[in-house]
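Each chain is listed here by its residues.
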Amino acid sequence: MNRISKHLLTVVVAVVTITGCIYAGRTEYNDDVLSGMSAEKYQYIHDSLGCRASQEDVVKEYIANQKYYDSRIY
């Protein structure tokens, strides 16, 4: 391998590693938020967002309006 190939390979490996760490951290954050949420609260938020809402969408909505959702009785 020449010098340019080695540097390019190093950059690609670094980018893939950083991307993987960011994805894993975000997934763990979403799981932590969802595990602290009741099933009824999750279902209410999911239904209000629509049937195509992902877990990440539910987490974003919950964090944006956490006081409101925590004050409701489900």
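Residues numbered from 1 in each chain as written. Predicted model: local features only at pLDDT ≥ 70, side-chain atom pairs only at ≥ 80, totals over all residues. Heavy atoms only, no water.

Participant: Describe the overall build of the chain, and please don't skip the residues or the numbers.
Facilitator: Helix and strand counts for the chain stand at four helices and zero strands. When the helices and strands of the chain are read in sequence order from the N terminus, they spell out α-α-α-α. Projected onto its principal axes, the C-alpha positions of the chain cover 65 × 20 × 15 Å. Classification of the 74 residues of the chain by burial places 16% in the buried group. Within the chain, contacts between residues at least 6 apart in sequence are counted, and of these 51% link residues at least 24 apart. When the accessible surface of the chain is summed, it comes to about 5800 Å², and 59% of that surface belongs to carbon and sulfur atoms. (Helix = DSSP H or I, 4+ residues; strand = E, 2+ residues; numbered from the N terminus. Buried < 20%, exposed > 50% of the residue type's maximum accessible area, 1.4 Å probe, protein only. Contact = heavy atoms within 4.5 Å. Areas by Shrake-Rupley, 256 points an atom, 1.4 Å probe, with all protein chains shown as cover.)

Participant: So, the nonpolar core: which residues are in play, and what are the values?
Facilitator: Val33, Leu34, Met37, Ile45, Val58, Val59, Tyr62 and Tyr69 form the largest nonpolar core, which has eight residues in total. Of all the secondary structure elements, the ones that give two or more residues to this core are α1 (3-35) and α3 (55-64). Examining the composition of this core, we find that three residues originate from one element, α3, more than from any other. Contacts of Ile45, omitting those with residues within four sequence positions, involve Met37, Val58, Glu61, Tyr62 and Tyr69. (Core = buried A, V, L, I, M, F, W, Y, C linked by side-chain atoms within 4.5 Å.)

Participant: Pulling in residues and values, what's your account of the environment of Val58?
Facilitator: Tracing the backbone through its elements, the reader meets Val58 in helix α3. Note: C-alpha distance between Val58 and Gly25 (33 residues apart in sequence) is 17 Å. Those residues in contact with Val58, other than ones at most four positions away along the chain, are Leu34, Met37, Tyr42, Ile45, His46 and Leu49.

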